[in-house]
Each structure stands twice: as C-alpha cells, then as structure tokens.
Amino acid sequence: MKLPKLRWQIVIIIVSSVIVLSAVSAWGFSTYYSGLLTPVDSKNNQKVTVTIPAGSSLQDVGQLLEKKGLIRKAWAFEFYAKWNHLDNYRAGTYSFTRKMSVDKMMALLKNGQRQQIILLVDVRQDMWVSEIAGEMAKVSGLDKKEILSKLSDREYVRTHYMNRYPFLTNVILAKGIDYPLEGYLAPGVYRFIKGKKPLTLDQMVDPMLTKTGQTLEHYSSEIKQNQLGSVHKVLTLASLIEQEAPDAADREKIAGVFFNRLNLNMKLQTDPSVAYGLQRRIRDYTQKDLTTDTPFNTYTRTGLTVGPIGSPAPDAIEAVLNPVRSKNLFFYARPNGKIYYSQTYAEHQAIIAKYSHEWANKN
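Residues numbered from 1 in each chain as written. Predicted model: local features only at pLDDT ≥ 70, side-chain atom pairs only at ≥ 80, totals over all residues. Heavy atoms only, no water.

Asker: It is not clear to me how the pattern of salt bridges should be interpreted in this structure. Could you clarify?
Answerer: Between side chains of opposite charge, pairing is possible as soon as their charged atoms come close. Evaluation of the coordinates by the stated rule reveals nine salt bridges. The residue Glu155 makes a salt bridge to Arg158 at a minimum N-O spacing of 4.0 Å. Pair noted here: Glu155 and Arg158 are both in helix 7 (residues 154-162), with a separation of three residues, about one helical turn. Note on Glu155: relative accessible area 47%, which makes it partly exposed. On the basis of relative accessible area, Arg158 is assigned to the partly exposed category, the value being 33%. Among the ionic contacts, a cluster of salt bridges with common partners joins Asp126, Glu131 and Arg281. (Salt bridge = Lys/Arg side-chain N within 4 Å of Asp/Glu carboxyl O. Helix = DSSP H or I, 4+ residues; strand = E, 2+ residues; numbered from the N terminus. Buried < 20%, exposed > 50% of the residue type's maximum accessible area, 1.4 Å probe, protein only.)

See below:
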C-alpha cells in the first residue's frame with residue numbers, strides 16, 4: 001500500500017528535522033564539552049600543589065583537580081583522558097596552574113613531573129663572610145675552605161666580580177681586608193633550584209651582589225652627599241651600627257654618636273669590631289681581646305675600620321645616612337636591649353656602674 005504524497009512529505013520533514021536537531025545538539029554538546037577542557041583562568045599563573053596518591057583512580061584524580069579549582073568538571077576530564085588513551089598516569093606531587101588546559105595537565109600526569117628541590121642560603125644581618133661560606137657549603141658541592149679560599153683570592157674577586165659590579169672598587173682590596181666582599185653580600189634568603197650539577201660559587205654570590213647594587217642605587221644620591229664620601233665607608237659604618245643595635249631608632253642615635261666621635265678624632269671603641277678582627281664571636285670580652293691589635297680593632301685604632309665587619313641591612317645604611325644629631329659621645333646597652341646615651345665620660349661611667357651587674361648575672 002502506497003502512502004499518499006502528502007504523507008511522504010511529512011515523513012521527510014520529520015526525518016530531516018530529527019537529523020538537523022541531532023546535528024545541532026551534537027554541535028552544542030561538542031562546543032560545551034570543548035569549553036570544559038579549556039583553562040579555568042587563562043590569566044592566573046599562581047601555582048597550585050596537588051598530590052596524587054598511589055592507587056588513585058582516574059575518577060579520583062578528576063574530582064581532586066575539580067576540588068582544587070583546576071578543572072571545570074571532573075567527568076569531562078575523565079572522559080577526555082579515556083577517549084585519548086591518557087588514563088595511565090603517575091602518582092606524585094605536581095604543580096599546576098589555572099592557566100593550564102586539561103590536555104596540558106594530562107601530559108604532565110602521564111609523563112610524571114620532577115619536583116623542583118629548592119636550596120636556601122640564609123644570609124642574616126651582621127653575618128661575616130666566613131659564616132656565609134658555611135651556609136653556601138651546606139647547599140653546594142663546595143667545601144667551606146674552598147669557598148673562603150676563592151673569596152680571599154684578590155685575583156678571583158677581581159675577575160669574577162669587580163669587572164661586573166661597578167660599586168666594587170679597588171678599596172675592597174686594601175691591606176688588612178681578608179675577604180674583599182665582606183659587607184657587600186646583602187642579607188636575605190636566597191633560593192636556588194637544585195639541578196643535575198652542583199651550585200657554583202658565582203651562582204650563589206651574584207644575587208647577593210645584585211641585591212647590594214639595587215640598595216646602593218636606591219641611596220646613591222644620599223651616599224654622595226654623606227660626609228663619609230664613599231660607598232665603602234658608608235657600608236663600613238653601617239656594619240658597625242648593625243651589630244650594636246637591633247632597633248632602627250637606636251641605630252640612628254648610635255650613628256650620631258659615631259659621627260661625633262669621628263669628628264673629634266676619638267676612637268669608636270665598639271666591641272663587635274674586636275670580635276671581627278679576631279674572627280671569633282665573643283660574649284665576654286677580656287682585656288686581652290680589647291688590646292689585641294688588628295686592622296678592625298676600634299679600641300687600638302682611630303677612625304673607621306679598614307672595611308665592613310659584616311653584612312649590613314638597609315636600615316643600618318639608612319641610619320648612617322640619617323643620623324640623629326646630638327652631643328652624645330657614649331652609649332651603653334643593657335641586656336634587655338635598652339640603650340642609654342651620655343655626653344660625658346663621667347655620665348657614662350655612672351650608667352655602667354648602675355647596670356653592669358646585669359651582664360654578670362646574665363652570664
């Protein structure tokens with residue numbers, strides 16, 4: 001039995017509509033699905049750490065990534081991985097970003113991601129080069145003695161650093177200075193990525209010198225106007241102040257005292273200079289310590305030390321550039337950190353008599 005012509009037309013229209021609707025639906029789903037595979041935030045490069053436990057299923061991985069906000073939908077991630085035969089992945093800890101597509105994440109999961117090991121060199125304020133060398137030795141393949149040998153070698157310092165950092169002038173090679181870079185290795189925590197090859201000395205020193213250069217550039221105009229007249233002398237006085245007081249306000253007051261003494265050609269008589277000259281951290285200074293002459297002993301020599309006695313922080317440099325003007329010539333620090341200032345030796349002696357027992361009790 002033949003269908004009437006009109007009925008055939010209706011059937012054709014229905015079939016065509018179904019085909020068109022199916023195509024549109026498929027296209028719509030494809031577009032929606034493709035969108036689920038794109039980066040969650042193409043401008044966000046912040047790293048997100050994800051640990052994939054051993055034995056996790058692909059579904060587990062997808063749900064974890066969705067929970068971390070790294071993918072849009074876990075099911076889309078799982079479907080994509082299975083469809084593209086990427087369901088073989090490695091457990092471990094990964095660093096992803098929201099800029100990554102699902103494809104990029106799966107590539108890392110499939111191949112495994114070698115975790116970067118970060119090596120830290122902590123250069124604390126007032127540290128000596130001889131102490132910084134120990135920190136360097138901990139994270140590199142170099143021996144501390146080898147590091148110090150190079151940092152005391154004037155030709156090595158000249159060819160490796162002075163040629164690249166203009167603020168390192170010939171004054172750092174003066175007689176009496178054991179380590180020309182003393183005072184120029186800026187305090188800070190320096191991070192290095194552990195590679196196949198051990199860290200070299202230059203890799204560790206360069207960022208320290210770069211940071212010093214940035215600090216000196218920031219204060220360049222003030223340094224030029226300062227009565228000391230040079231970067232080296234500013235760093236030298238800053239290093240003395242650094243080890244005398246932790247508080248910024250007191251550093252500016254102590255700077256004022258030191259300038260008063262320099263202007264009167266008085267000895268600075270600062271204990272840390274004695275310790276540095278002997279290369280020994282001293283808690284209880286003896287008369288022998290104070291009278292043992294070195295190029296850094298401000299009890300036996302007048303004026304500034306021949307060079308810095310450690311790594312000064314920026315606020316110690318600021319103290320030199322902005323000292324508190326006064327008539328004070330003496331200061332005395334109690335164990336609790338409080339510092340007393342006086343204009344005369346008699347006043348100073350009275351303060352010592354009143355509080356010196358505190359140090360004896362502390363010991």
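Asker: Quick question: what am I supposed to make of the packing of aromatic side chains here?
Answerer: Aromatic ring pairs are reported here in terms of the distance separating the ring centres and the angle at which the planes meet. Under the counting rule described, the total for this entry stands at ten aromatic pairs. Note on Tyr165 and Phe167: the rings are 5.8 Å apart at their centroids and 55° apart in plane angle, and the pair reads as tilted. Note on Tyr165: relative accessible area 10%, which makes it buried. The class for Phe167 is buried, based on a relative accessible area of 15%. Consider the rings of Phe258 and Phe331, whose centres lie 5.8 Å apart with planes at 75°: the pair is edge-to-face. With Phe258 in helix 11 (residues 248-263) and Phe331 in strand 5 (residues 330-333), this residue pair connects regions lying 73 residues apart in the sequence. We classify Phe331 as buried; its relative accessible area is 18%. Clustering of aromatic rings is evident, with ring pairs tying together Trp128, Tyr276 and Phe296. Positioned above the aromatic ring of Trp128 is the side chain of Arg281, whose terminal nitrogen or guanidinium carbon lies 3.9 Å from the ring centre. Above the ring of Tyr340, the side-chain terminus of Lys338 is found at 5.1 Å from the ring centroid. (Phe/Tyr/Trp six-rings, centres within 6.5 Å; stacked < 30°, edge-to-face > 60°. Lys NZ or Arg CZ within 6 Å of the ring centre and 35° of its normal.)

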